[in-house]
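Survey of secondary and tertiary structure
Below are the chains, spelled out letter by letter.
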Amino acid sequence: MGSWIDDFGVWNNCGLGEDVQSWNASLVHNFYDVLESAALSQFGHDTVTWLPDVQSGYSVHSGMALFASHRNGFALNVSSSEALDLVWNFVVPFSIKVFGWRGILNRLPSKDLLIRRGINLQQQDRNCVLCKTKSESLFHLLFHCYLIKKVWTDLANWTSIDLEVPFQVADSLLYWSQACGGEKVKRSKRCLIWLAATWVI
């Protein structure tokens, strides 16, 4: 890792082998530059400091603020942001909240997403697992598959709302939450029905 010379720390290869160093030399050099900027002393007192907020230290809020400032173009549209707020406020098990969150962000492992991530699927395996006629995407699986449309139609009839085909997952949840007007309890129940339906599908 390093050694002491005249009571000051000097970095060596930091445990990085030649194969790692040659893999991306510019990143390794940048890493060494950061290390060199830190002055180590053998006799000093070590402290841990959260640089974004030196006075208060680390908090989830400061961590999220740092993340938000570095996410480079990952911005949510208004409907997705509102839908995520609804999902995180549901009184349901955490795993179901995560499912809703991943669905709104289109991060559930539908076949089109698996293909984009480099999973090699045979052509005949790329179709929807339910109807087997159309390419499977999360949106098709949750809303456009003719077998699933029947489920949504029955749920809409049961809850007395007009069914609309959404443009994205977040739009669907927001439509279900707003279709019943201002009645908070009824709105909450319909959102839970929506979440339960997407979970089961």
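Everything discussed here concerns the structure shown above.
Here is a short report on the structure shown in this document. (Residues numbered from 1 in each chain as written. Predicted model: local features only at pLDDT ≥ 70, side-chain atom pairs only at ≥ 80, totals over all residues. Heavy atoms only, no water.)

Applying the stated criterion across every chain yields a total of zero disulfides. Cys 145 forms no disulfide, and the closest cysteine sulfur to it belongs to Cys 131, at a distance of 3.9 Å. (Disulfide = S-S within 2.5 Å.)

Take the nonpolar core next. Among the nonpolar cores identified, the biggest contains 31 residues, and Ile 104, Trp 152, Val 169, Leu 173, Trp 176 and Trp 194 are the most heavily contacted of them. Among the secondary structure elements, those contributing two or more residues to this core are helix H4 (78-89), helix H5 (94-104), helix H7 (138-144), helix H8 (146-159), helix H9 (169-178) and helix H10 (184-200). Excluding anything up to four places from it in sequence, Trp 176 contacts Trp 152, Leu 155, Ala 156, Thr 159, Ile 161, Arg 190, Ile 193 and Trp 194. (Core = buried A, V, L, I, M, F, W, Y, C linked by side-chain atoms within 4.5 Å. Buried < 20%, exposed > 50% of the residue type's maximum accessible area, 1.4 Å probe, protein only. Helix = DSSP H or I, 4+ residues; strand = E, 2+ residues; numbered from the N terminus. Contact = heavy atoms within 4.5 Å.)

All chains considered together, the criterion is met by two salt bridges. Between Arg 116 and Asp 112 there is a salt bridge, with the nearest N and O atoms lying 3.7 Å from each other. Of this pair, Arg 116 and Asp 112 both sit in helix H6 (residues 111-116), separated by four residues, roughly a single helical turn. Note on Arg 116: relative accessible area 58%, which makes it exposed. Residue Asp 154 is joined to Lys 150 by a salt bridge in which the shortest nitrogen-to-oxygen separation is 3.2 Å. With Asp 154 and Lys 150 both in helix H8, this residue pair falls four residues apart, about one helical turn. Overall, Asp 154 belongs to the partly exposed group, its relative accessible area being 40%. (Salt bridge = Lys/Arg side-chain N within 4 Å of Asp/Glu carboxyl O.)

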